[in-house]
Amino acid sequence: MRLCRIMRPDDANIAGNVHGGTILKMIEEAGAIISTRHCNSQKGETCVAALARVERTDFLSPMCIGEVAHVSAEITYTSKHSVEVQVTVMSENILTGARRVTNKAALWYVPLSLKNVDKVLEVPPLVYTRKEQEEEGRKRYEAQKLERMETKWKNGDIMQPSINPDRQTKEPYTVSYSQSTLIHLVGPSDCTLHGFVHGGVTMKLMDEVAGIVAARHCKTNIVTASVDAINFHDKIRKGCVITISGRMTFTSNKSMEIEVLVDADPVALHSQERYRAASAFVTYVSLSKEGKTLPVPQLLVETEEEKKRFEEGKGRYLQMKAKRQAQIDAVPQK
Amino acid sequence: MRLCRIMRPDDANIAGNVHGGTILKMIEEAGAIISTRHCNSQKGETCVAALARVERTDFLSPMCIGEVAHVSAEITYTSKHSVEVQVTVMSENILTGARRVTNKAALWYVPLSLKNVDKVLEVPPLVYTRKEQEEEGRKRYEAQKLERMETKWKNGDIMQPSINPDRQTKEPYTVSYSQSTLIHLVGPSDCTLHGFVHGGVTMKLMDEVAGIVAARHCKTNIVTASVDAINFHDKIRKGCVITISGRMTFTSNKSMEIEVLVDADPVALHSQERYRAASAFVTYVSLSKEGKTLPVPQLLVETEEEKKRFEEGKGRYLQMKAKRQAQIDAVPQK
Amino acid sequence: MRLCRIMRPDDANIAGNVHGGTILKMIEEAGAIISTRHCNSQKGETCVAALARVERTDFLSPMCIGEVAHVSAEITYTSKHSVEVQVTVMSENILTGARRVTNKAALWYVPLSLKNVDKVLEVPPLVYTRKEQEEEGRKRYEAQKLERMETKWKNGDIMQPSINPDRQTKEPYTVSYSQSTLIHLVGPSDCTLHGFVHGGVTMKLMDEVAGIVAARHCKTNIVTASVDAINFHDKIRKGCVITISGRMTFTSNKSMEIEVLVDADPVALHSQERYRAASAFVTYVSLSKEGKTLPVPQLLVETEEEKKRFEEGKGRYLQMKAKRQAQIDAVPQK
C-alpha cells in the first residue's frame with residue numbers, strides 16, 4: 001500500500017520546509033486505508049478502522065516544497081481487536097533523483113462496527129512469513145498496551161487543566177510568553193464516513209500549535225524533530241469545536257519540548273461534556289538558513305508547576321538520549 | 001473565545017498581503033462558535049447561530065504571510081432573538097514579536113432550531129457587569145434593526161437588478177439560460193515550482209463550470225461522462241485571473257455537450273494581453289437516485305450560431321457513437 | 001508510479017459522486033511526477049514537464065465518497081521533445097474490496113528548462129520492451145501532432161470569441177471593463193451542520209470578486225480597506241450555485257468603491273427561484289511595493305445609471321470622511 005503526493009506551498013512554512021503535521025496526516029491516511037481494508041477482508045460485519053495510538057515518530061530529515069512524498073504502509077501485527085501498521089516515508093527530488101527516508105512510524109488501529117460505532121469487532125488474523133515476526137509483534141503489542149493504561153490513569157485521575165493564555169504581559173522566554181491555543185470547528189472534510197475526525201487531522205493541528213509555540217520562543221525557522229507516542233482516548237465527532245493548546249515544558253541546548261493538549265467540546269450536543277481527546281509531547285529544533293541546527297534560548301520557568309514539568313521533560317530527554325546511544329553502541333564496529 | 005492561525009501563501013495575494021476575505025472568514029468563524037455556544041448554554045432546544053448581519057468593518061493595517069492572526073470574540077449584547085458579537089483581530093509577527101490591531105468587527109447572530117431551521121429560538125440573557133453596557137447595546141440593536149428594515153425595503157420593493165441580468169430573463173432550456181462563467185485568481189497552491197498553473201488545476205475548473213451548466217440545464221444529479229482532447233496553447237502564470245466560460249452546444253436523448261473556453265488575463269502584468277489558454281468539449285449525463293441515466297431536456301437553439309454549433313456537436317456525437325460501435329464489432333464473437 | 005487517496009466530501013457533489021475534475025487533477029499530478037522524473041533522469045539541464053495535451057478521456061464508472069482512488073501512470077512513448085504518459089484510474093471500495101476501472105487517459109508533456117522557461121529541452125529516449133510499442137507510439141504521436149496543428153489553426157486564424165465577450169471590447173477605466181462575475185458551487189466544507197453556507201464563506205467570495213474588479217481597474221497590488229455593513233437576507237443551502245458579481249461604482253483620489261451582489265440559485269431544487277442573498281460595498285486601495293497608498297485612475301462613467309451610482313458612492317465617501325473627522329475632533333487635545 002503506497003501513497004504519494006507532490007509537496008505544495010501550503011504544506012510548508014515560509015522557509016519551504018514541509019510541516020511535520022502534513023507528513024503525520026499522510027502517514028495516518030495510509031494507515032487508515034490499509035487497516036480498514038484488512039479488517040474487511042473476511043466476510044462479516046462491515047467496519048472502519050479508527051486510530052487508537054501512534055508510537056513515537058522521529059523526523060530524520062526535512063522535506064521541501066516540490067519534492068514528492070512516498071508513504072508506504074504495511075500491516076505488521078494483529079491482535080484480536082487491533083492492527084499494527086508500520087509506515088515509511090521517503091522524499092524524492094524528481095529533478096535530481098535524490099531519495100531520503102524522512103520518517104518511520106507505527107500506528108495502532110481498532111475496527112469499529114459501521115452499524116454501532118461503540119462496538120469493537122474482531123480482526124482477521126495476519127499470516128506471518130516468519131514465526132519471529134508474530135513473537136516480536138506480540139511484544140510491541142504488550143508494551144503499548146501497558147503504556148496506554150498508564151497514560152489513561154494519568155489523564156483520568158489527575159485531569160490536567162487546559163492551557164489558558166494570558167500571555168501578552170509576560171516576559172520573553174517564559175512559558176506563558178510562548179503558550180498558544182488554537183480553536184478549530186470540525187468540518188465535513190475532516191471526518192471519516194462515520195462522522196469522526198481522522199486521526200491525521202488532529203495530529204496536523206497538534207503539530208501546528210506546537211510550531212507556533214516553538215517559533216514564538218526562538219523566533220527562527222523551526223522544524224519538527226519528533227512526536228511522542230499519542231493515545232487517542234476518545235473519538236471526536238463532526239460539529240465539535242476542538243481546542244488545541246501548547247506550552248513549552250523543556251529546552252535542551254538544541255531542542256524544545258512542547259506539551260500539546262486536545263480538548264473536544266460538543267457545542268451543539270447537550271448530552272456531552274467537554275473532554276480530553278488526546279495529548280502529546282512534540283520536540284522542535286531551530287534551523288539556520290543553511291539547514292544547520294541552532295542553539296535554543298533557555299526556557300525561563302517561574303512557578304513550581306513549571307519547574308516540575310521542566311524536570312520531567314529533562315527526564316524524557318535524557319532517557320531518549322541514552323536509548324539512542326545504546327542503539328549506536330549496539331551496531332557492531334566494522 | 002480566541003482563535004489563532006498562521007497565515008499561509010494561499011491566504012494572500014502575490015505581494016504577500018492577506019486577502020480581506022480570509023480575515024472576514026476567520027472573524028465569522030469565531031462569531032459563529034461563541035454565539036452557538038451561548039445559545040446552547042441553557043437547557044432547551046438545540047440550535048445553531050446563523051449570521052444575520054455584519055457591521056461596517058475597516059481594515060486598519062495589512063497582514064502578511066507567516067504572521068499569526070489572533071481573533072478574539074466576545075458577546076456584548078443579547079436581545080430576545082439575537083446576539084451581538086464583537087471581534088478584534090490582531091496580527092503577530094512571531095519573529096519580531098510585533099503586534100498590531102488589524103480589524104474590529106461587530107456581528108449579529110440569530111439562533112435557529114436544529115429540528116426546524118425556519119424557527120428562531122430565544123437567546124439566554126447576557127449578564128452585564130455594568131448597567132451602561134446593556135443600555136449601549138440596546139441602542140446598537142435598535143440602530144441596526146432600523147438599517148436592516150431600510151435595506152429590506154430597498155431590496156424588496158425595488159429589487160436591484162443583477163449585474164449580468166441576462167440569465168434571469170431567459171427561457172429555460174435555451175443556451176443563454178444555462179451558460180456560466182467562473183473567474184479564478186491563480187494562487188500559489190495552483191502552481192508548479194516554475195510559477196505556472198498545473199494543467200490539472202485548469203482541468204478541474206473546466207469540469208466545474210461544465211457541471212454548473214449541466215446542472216442548470218437539467219436540474220438533476222449530473223456526472224461527467226467524457227472530456228474531449230484538450231490542448232494547452234500557452235502557460236498560465238501565477239497572479240493571472242482566469243475566466244472559464246461554459247455553454248451548452250448539443251443534447252442527445254441522454255447526454256449534454258458543453259463547450260468550455262479558458263482565457264487568461266495577466267492583470268498585474270501590463271506587458272501582456274488576455275489570451276486563450278485552453279478549450280474543450282465536456283459531455284455530461286444525468287443520473288437518477290439509483291444511478292441510472294435519465295433522459296435530458298432538449299436544448300432550445302435560438303440564433304444561427306447556436307444552430308451551427310448544435311449541428312457540429314451532433315457530428316461529434318455521431319462520430320463517437322460510430323467509433324464505439326466499431327470497437328464493439330471488432331471484438332470477435334465467441 | 002502510483003498515487004492513491006481517499007475521496008472526501010469536498011471531492012464530490014451532494015449525491016456523493018466524485019467530480020470529474022477531481023479525477024482529472026489526480027491524473028495530471030501523476031503524469032507530471034512521472035514525466036518530470038523521466039526528463040531529469042540523465043545528466044544535463046534541469047527541467048520541469050509541462051502539460052501540452054490531454055487525449056479524450058471517458059469516465060467509465062462513477063466514483064463515490066469513501067472509496068480509494070488508485071492512479072497508475074506509465075511512460076509509453078517519447079519523441080525528441082515530448083513524453084506520452086498513459087494513466088489508469090481504479091476505484092477501490094475498502095469495505096467490500098470491490099475494484100473498478102473508472103478512467104483511462106493519455107497525456108503529452110514537454111520538458112521546459114528551469115533556467116529559461118521558453119526553452120524546450122530534449123527528452124531522454126525510452127527503452128521499449130517490444131518493437132511494436134515504439135511504432136504504435138509514433139503513430140499516436142503523429143496523430144496528435146496533426147490534430148494540435150488543426151486546433152491551432154482554428155484558434156489562431158479564426159480566434160473564437162469568448163462566451164461573454166463584453167469586457168474585451170470595452171475601454172480601460174470604464175465600469176464594464178473591470179466588472180466581474182464569479183460562480184461558486186456550494187460544497188460541504190462551505191456549510192454548517194444545518195447544511196447552510198457559513199456567512200464567512202460568502203464574505204470571502206464577496207471580497208474575492210471585489211479584489212478582481214479593483215485589480216483589473218488599476219493593475220497594481222490592491223488591498224481591502226473596508227467592507228460596508230452586510231445584511232444576510234436569506235440562507236443559502238448546500239448544492240446551490242452562487243453568483244457573485246462586482247462592479248466599480250466610485251473612485252476618489254486614493255480609493256475605489258465596488259458594489260458586490262450575491263445571488264443564490266437552487267439549481268437542484270425545482271421549488272425555489274433564484275434570490276438575492278446579500279449585497280455590500282467594498283472599498284479597496286492600491287499599494288506601492290513599499291506599502292504606501294497610490295493614486296487610483298479615475299473611473300469613466302458612461303451611462304446615466306453609472307453616473308447616478310457614482311454620485312451615490314461619492315455621498316457615502318464624503319459621509320464617512322466627515323464621520324472620521326468628527327471622531328478625530330472628539331478626542332480632547334492634550
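The structure presented is a predicted model; accordingly, all values stated were derived computationally and were not measured.

## Comments concerning the overall build of chain A
For chain A, the count of helices and strands is five helices and 13 strands. For 334 residues, the compact-globule estimate of 2.2 N^0.38 gives 20 Å, and chain A sits close to it at 20 Å. A principal-axis box enclosing the C-alpha atoms of chain A has dimensions of 60 × 60 × 35 Å. With 334 residues in all, chain A has 56% of them scored as buried. Counting contacts in chain A only where the partners sit at least 6 residues apart, residues at least 24 apart contribute 73% of the total. Accessible surface, chain A as shown: approximately 15400 Å² in total, 53% of it carbon and sulfur. When the 46 basic and 41 acidic side-chain charges of chain A are each reduced to a single mean position, those positions are 3 Å apart.

## Examining the interface of chain A and chain C
Counting residues at the interface gives 29 residues for chain A and 30 residues for chain C. For the chain A and chain C pair, buried surface summed over both sides reaches about 2500 Å², with 63% attributable to carbon and sulfur atoms. Applying the counting criterion to the chain A and chain C interface returns four salt bridges. Ionic pairing is found between Glu 29 of chain C and Arg 8 of chain A, a salt bridge with its closest N-O pair at 3.6 Å. Inspection of the chain A/chain C interface yields four residue pairs in polar contact (both at pLDDT 80 or more). Secondary structure elements with two or more residues in the side of chain A that touches chain C: strand S1 (2-6), helix H1 (20-39) and strand S4 (68-78) of chain A.

## A few points about the UniProt feature "active site" (unreviewed entry) in chain A
Residues and elements named next belong to chain A. Feature annotation in UniProt assigns "active site" (unreviewed entry) to the following positions: Asn 13 and Asp 207. These annotated residues cover 195 residues of sequence, but their C-alpha atoms sit close together, with the largest distance between any two at 12.2 Å. If you trace the backbone, Asn 13 turns up in the loop between S1 and H1. You can call Asn 13 buried: its relative accessible area is 19%. Beyond its immediate chain neighbours, meaning those up to four positions away, Asn 13 contacts His 19, Asn 221 and Ile 222. Examined against the element boundaries, Asp 207 turns out to sit in helix H4 (residues 199-218). Taking the relative accessible area as the measure of exposure, Asp 207 reaches 4% and is therefore buried. What Asp 207 contacts, discounting residues up to four positions off in sequence, is His 19, Gly 20, Gly 21, Thr 224, Val 282 and Tyr 284. Of note is the side chain of Asp 207, whose polar atom sits 2.7 Å from the backbone nitrogen of Gly 21.

## A short note on the nonpolar core
Within the largest apolar cluster, 79 residues are counted, with the highest numbers of intra-cluster contacts made by Ile 236, Ile 244, Met 256 and Ile 258 of chain A. Looking at which element gives the most residues to this core, the answer is H4 of chain A, with 11 residues. Residue contacts for Ile 236 of chain A: discarding those within four places in its chain leaves Val 186, Gly 195, Phe 196, Val 197, Thr 202, Ile 242, Val 262, Ala 264, Tyr 275 and Ala 277 of chain A. Membership of the second largest hydrophobic core comes to 78 residues, among which are Val 197 and Ala 280 of chain B together with Met 26 and Ile 33 of chain C.

## Thoughts on the side chain of Thr 174 of chain B
Residue and element names in this part refer to chain B. Tracing the backbone shows Thr 174 in the loop between helix H3 (166-169) and helix H4 (175-178). Judged by its relative accessible area of 2%, Thr 174 is buried. Of note is the side chain of Thr 174, whose polar atom sits 3.3 Å from the backbone nitrogen of Tyr 177. Among residues more than four places away in sequence, those in contact with Thr 174 are Leu 299, Leu 300 and Glu 302.

## Let's talk about the UniProt feature "domain: HotDog ACOT-type" (unreviewed entry) in chain A
In this numbering, the UniProt entry assigns the feature "domain: HotDog ACOT-type" (unreviewed entry) to residues 1-115 and 176-290 of chain A. Note that residues 1-115 of chain A is 17% helix and 45% strand, and that its end C-alpha atoms are spaced 27 Å apart.

## As for the domain arrangement of chain A
All names here are of chain A. Domain parsing of chain A yields domain 1 (2-140) and domain 2 (175-330). A straight line from the C-alpha centre of domain 1 to that of domain 2 covers 20 Å. Listed per partner, the contact involves 25 residues of domain 1 and 26 residues of domain 2. Summing the contributions of domain 1 and of domain 2, the shared interface buries around 2200 Å²; its carbon and sulfur component is 59%. Put simply, domain 1 and domain 2 have one salt bridge between them. Ionic pairing is found between Arg 324 and Asp 58, a salt bridge with its closest N-O pair at 3.6 Å. The tally of links from domain 1 across to domain 2 stands at 11 residue pairs in polar contact (both at pLDDT 80 or more). For the side of domain 1 that touches domain 2, the secondary-structure elements that each account for two or more residues are H1, strand S2 (47-54), strand S3 (57-59) and strand S6 (99-113). Among the elements that make up the side of domain 1 that touches domain 2, the one with the highest residue count is H1 (six residues). Here the side of domain 1 that touches domain 2 is built from residues that sort into 10 nonpolar, eight polar and seven charged.

## A short note on the interface of chain C and chain B
Where interface size is given, it is often the accessible area lost as the parts come together that is meant. With 89 residues of chain C in contact, the opposing surface of chain B contributes 90 residues. Roughly 8000 Å² of surface becomes buried between chain C and chain B when both sides are summed, with 55% attributable to carbon and sulfur atoms. Linking chain C with chain B are four salt bridges. Sort the elements by how many residues they give to the side of chain C that touches chain B and helix H5 (residues 199-218) of chain C lands first, with nine residues. A class-by-class count of the residues in the side of chain C that touches chain B yields 34 nonpolar, 31 polar and 24 charged. One ladder, built from two bridges, connects strand S8 (residues 221-227) of chain B with strand S3 (residues 57-59) of chain C; its direction is antiparallel. When the sheet's bridge partners are listed, Val 227 of chain B is paired in S3 of chain C with Thr 57 of chain C.

Cut-offs used in this document
- Residues numbered from 1 in each chain as written.
- Chains lettered and ligands numbered in written order.
- Predicted model: local features only at pLDDT ≥ 70, side-chain atom pairs only at ≥ 80, totals over all residues.
- Heavy atoms only, no water.
- Helix = DSSP H or I, 4+ residues; strand = E, 2+ residues; numbered from the N terminus.
- Rg over C-alpha atoms; globule rule 2.2 N^0.38 Å.
- Buried < 20%, exposed > 50% of the residue type's maximum accessible area, 1.4 Å probe, protein only.
- Contact = heavy atoms within 4.5 Å.
- Areas by Shrake-Rupley, 256 points an atom, 1.4 Å probe, with all protein chains shown as cover.
- Lys, Arg positive; Asp, Glu negative; His and termini not counted.
- Charge placed at Lys NZ, Arg CZ, Asp CG, Glu CD.
- Buried area = accessible area lost by both parts, 1.4 Å probe.
- Salt bridge = Lys/Arg side-chain N within 4 Å of Asp/Glu carboxyl O.
- Polar contact = N/O pair within 3.5 Å; in protein donor to acceptor, adjacent residues only side chain to side chain.
- UniProt positions renumbered as here; feature names shortened; annotations may be inferred.
- Core = buried A, V, L, I, M, F, W, Y, C linked by side-chain atoms within 4.5 Å.
- Domains from an automatic or database assignment.
- Nonpolar A, V, L, I, M, F, W, Y, C, P; charged D, E, K, R; others polar.
- Pairing = 2+ DSSP bridges.

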